[in-house]
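# Report on the structure
The residues making up each chain are set out below.
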Amino acid sequence: MADALLELRGVRIGMRERRRQREIVRGVDLAVAVGEKLGIVGESGSGKTLTALSVLGLLPSPPLRLLAGRITYDGRLLNELDDKALAAVRGAEIAMVYQDPMTSLNPLLRIRTQITETLRAHGADRAEAAERTRQVLGQVGLADPERVERAFPHELSGGMLQRVMIAMALAGSPRVLIADEPTTALDVTIQQQILELVEDLQVRTGMAVVWVTHDLGVVARLVDRVAVMYAGRVVEEAATADLFARPSHPYTAALLGSLPQTSTGHRDRLTQIGGTPPDPTRLAAGCPFRWRCPYAFDRCTEEEPPLLERGSSRAACWKEPAAWAR
Amino acid sequence: MGEVILRASQVTKEYRSRRGPLVRALRGVSIAVEAGRTLGIVGESGCGKSTLARLLVGLEPATSGTVELLGRPVAPPRGGRSPFARTVQLVFQDPFSSLDPRLTVVSALAEVLKVHGLATSREARRARAAALLEMVALGPRFLDRYPHELSGGQAQRVAIARALAVEPRLLVLDEPTSALDVSVRAEVMNLLVRLQDELGLSYVFISHDLAMVRHLSDEIAVMYLGAVVEQGPYGPVLESSLHPYTAALAAAVPVPDTTRHVHRDGRPPGSEAPPLTGEPPAGCPYHPRCALAEPVCTTVRPTLDELLPGHLAACHVAARRVAVAPGAPPVPG
Ligand SMILES: Nc1ncnc2c1ncn2[C@@H]1O[C@H](COP(=O)(O)OP(=O)(O)OP(=O)(O)O)[C@@H](O)[C@H]1O
Ligand SMILES: Nc1ncnc2c1ncn2[C@@H]1O[C@H](COP(=O)(O)OP(=O)(O)OP(=O)(O)O)[C@@H](O)[C@H]1O
Ligand code: SF4
Ligand code: SF4
Ligand SMILES: [Mg+2]
Ligand SMILES: [Mg+2]
């Protein structure tokens, strides 16, 4: 793999309490190279958003904080930068599309003001900022960019807001785009348009992309590599084609097995993974998937598996896929 | 036909914002929902689905037209609670904006239970709240969380649990599974089917996820630019679409394929949608993007007519094809 542009090593996120540390994200390693597209999928609540937020120092702290780990961007250690230096990286070098648009948009300001202000903070003059704002809003498939520019956030639909967020992130021509569930409110046709826009930028400018999503169709369509998260860890990492063809972790296999099948009848029961995910802050020893895993054996209750090589993939499971069929 | 529990007739909604243009978000929508059944609503971003959802539950007044629940108008609540708060509940598209940031999950659930007299003691309310969370695959550890301590998918499920707390007869669900992984999504969908079978709930199910809309809905209404352009039983609407817009929508669904890496069916309809402001385009609102458009489409607006039994569409070409050859697929591949 080419050199990483953005790299997370041993990232742990949680709370420090009087006597002990409570970890939600429990040691995550991720890397993206220039022009590469990485997908992050996984269980709801597994720590995808917190991991993404930690990159730009945006964790809701207190109480949450980066407990350990290194986040490097282009040779710089981001987690040791002061607020001012981080603010300079934010938007211009690494831009983020947030899962919840309302947390990052100011409800009292027009969309235009919010985008131009960010651009001006990074040195664009008034005319440049206005021009660029119009341009990016046009690129994300908004039917009426002039109205959107003048609107307040509450006057826009869910999908319009998502596209505003994407436009805002792309406005500063970032070198890394981190997008957290950016297209959940978009129909497939507009989603397609957004994916094409992102791919175009990635090819033309070498923008690296980290795309967090539950939409496995988007994963198949967009990204080169996928990291699967479960209970605060990456449990599988694989090239996209390999992940779909040969999942190496039982959770990945179960997730793919939960995709609706064309053979499933109207209103018939959809396949789901039984049981509930554990509380990552109160894990006992052993594999956190063992209560739900059809292949669990003795060792799984004793020791949590690290990421192990499985062909060209890596998976945190003691059992090789070949041994799954009991 | 079963009992109609919700009926919207020729509903329009206009927004006039400060210094902004007039936005015609809904341009005459009529729908009906029967007891124990599901109406799915699909359509591209910005076509008016969430606006319709708010009108259906009486959160906002319509500019014209009527919305009736159980035969009585859903008046917008003036300060107080709507008389229908126990009959109908809305699960908002953005779960965080609908949860009070100052209330823990248990307080939010207990509050609705208390208001509706559904659990009398504190302990009973906490137990009921835990049971509601369990239904949406969240353990009791989430009872004492504040909304900002929840992930996107957890907040979405809390919002669903809160809507279910009052035991409504009709649930309007606006993108209720968009933040869920496929397994939890399956779990929530299974819950919705089960509650409908057991309690006879009715749903209005709004989603961009056509597979889920197809799975749950009895009827589907397809919206385009603030109007319904096709409506009918789920199978015919999605598989033998009458309207070219529906056909394009149904063909564009990407399928994650486990054998081939990328799999793309169909292309999105050409250019972008015309704006909602100003005068609507003359003729059929879809004509600037429609591959089948004919001269008449640019001048005469097609009406929503029942072209096949129970299957309505607003399209000149579909109307003619159905009249000429009732058996043939109206919109060829
Ligand atoms: N401020 C907080 N305090 C305590 N716990 C928190 C806080 N914020 C998030 N959590 C918990 O941390 C876990 C990870 O949250 P995160 O938002 O990263 O999940 P996610 O993988 O993005 O899930 P989703 O797919 O549902 O968005 C969740 O279980 C959540 O409840
Ligand atoms: N309060 C408001 N003031 C002005 N315009 C509004 C207001 N609320 C909604 N609109 C406009 O009405 C149109 C319909 O919005 P709505 O939220 O109903 O769309 P939607 O179909 O739910 O879209 P999405 O799929 O993106 O959620 C949009 O163009 C939106 O900008
Ligand atoms: S380590 Fe054991 S319990 Fe965990 S996924 Fe592998 S087989 Fe299942
Ligand atoms: S009326 Fe004409 S323009 Fe409109 S959908 Fe039908 S064929 Fe297309
Ligand atoms: Mg998230
Ligand atoms: Mg909406």
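Residues numbered from 1 in each chain as written. Chains lettered and ligands numbered in written order. Predicted model: local features only at pLDDT ≥ 70, side-chain atom pairs only at ≥ 80, totals over all residues. Heavy atoms only, no water.

This part takes up the coordination of the magnesium ion (ligand 5). The magnesium ion (ligand 5) binds to the protein through A:Thr49 (OG1) and A:Gln99 (OE1), with metal-donor distances spanning 2.0 to 2.2 Å. Linking A:Thr49 in helix α1 (residues 48–55) with A:Gln99 in the loop between β6 (94–97) and α3 (101–104), this pair joins segments that are 50 residues apart in sequence. (Donors = N, O, S within 2.8 Å, 3.2 Å for Na, K, Ca; no water. Helix = DSSP H or I, 4+ residues; strand = E, 2+ residues; numbered from the N terminus.)

For the magnesium ion (ligand 6), every protein donor is listed as B:Ser50 (OG) and B:Gln93 (OE1), and the spread of their distances is 2.0 to 2.2 Å. Of this pair, B:Ser50 sits in helix α1 (residues 49–56) while B:Gln93 sits in the loop between β6 (88–91) and α2 (95–98); the two residues are 43 residues apart in sequence, bridging distant segments of the chain.

Turning our eyes to something else, we now look at the side chain of B:His208. Its location among the elements puts B:His208 in the loop between β8 (202–206) and α7 (210–216). At 2.9 Å, the side chain of B:His208 and the backbone oxygen of A:Ala185 are in polar contact. Polar side-chain contacts of B:His208 include one of 3.5 Å to the backbone nitrogen of A:Asp187. When sequence neighbours within four positions are dropped, the list of residues in contact with B:His208 reads A:Thr184, A:Ala185, A:Leu186, A:Asp187, B:Gly43, B:Glu44, B:Ser45, B:Lys49 and B:Glu175. (Polar contact = N/O pair within 3.5 Å; in protein donor to acceptor, adjacent residues only side chain to side chain. Contact = heavy atoms within 4.5 Å.)

A word on the sheet that holds strand β1 (residues 4–16) of chain B. Residues and elements named next belong to chain B. Strand order in the open sheet formed by four strands is β2-β1-β4-β5, with antiparallel pairing between adjacent strands. A single partner strand is all that each edge strand has here, and the edge strands are β2 (22–34) and β5 (72–73). Bridge count for β1 against strand β4 (residues 64–69) is five bridges, and the pairing is antiparallel. Across the sheet, the residue bridging to Leu6 is Leu69, located in β4. Seen against the sheet, α1 touches β1, β2 and β4 and runs at an angle of roughly 120 degrees to β1. (Pairing = 2+ DSSP bridges. Axes fitted to C-alpha atoms, helices over the stretch in contact; angles between N-to-C directions.)

This part covers the domain arrangement of chain B. In many reports, interface size means the accessible area that the parts give up when they come together. Residue and element names in this part refer to chain B. Annotation of chain B at the domain level lists domain 1 (4–217) and domain 2 (222–324). Between domain 1 and domain 2, the residue contacts involve 24 residues of the former and 23 residues of the latter. Note on domain 1 versus domain 2: buried area summed over both sides is about 1900 Å², and carbon and sulfur give 57% of it. In this structure, the connection of domain 1 to domain 2 is made through two salt bridges. Between Glu239 and Arg214 there is a salt bridge, and its shortest N-O distance comes to 2.7 Å. Applying the counting rule to domain 1 against domain 2 returns six residue pairs in polar contact (both at pLDDT 80 or more). Elements that contribute at least two residues to the side of domain 1 that touches domain 2 include exactly β2, β3 (38–42), α1 and α7. No other element matches β2, which puts 10 residues into the side of domain 1 that touches domain 2. (Domains from an automatic or database assignment. Buried area = accessible area lost by both parts, 1.4 Å probe. Salt bridge = Lys/Arg side-chain N within 4 Å of Asp/Glu carboxyl O.)

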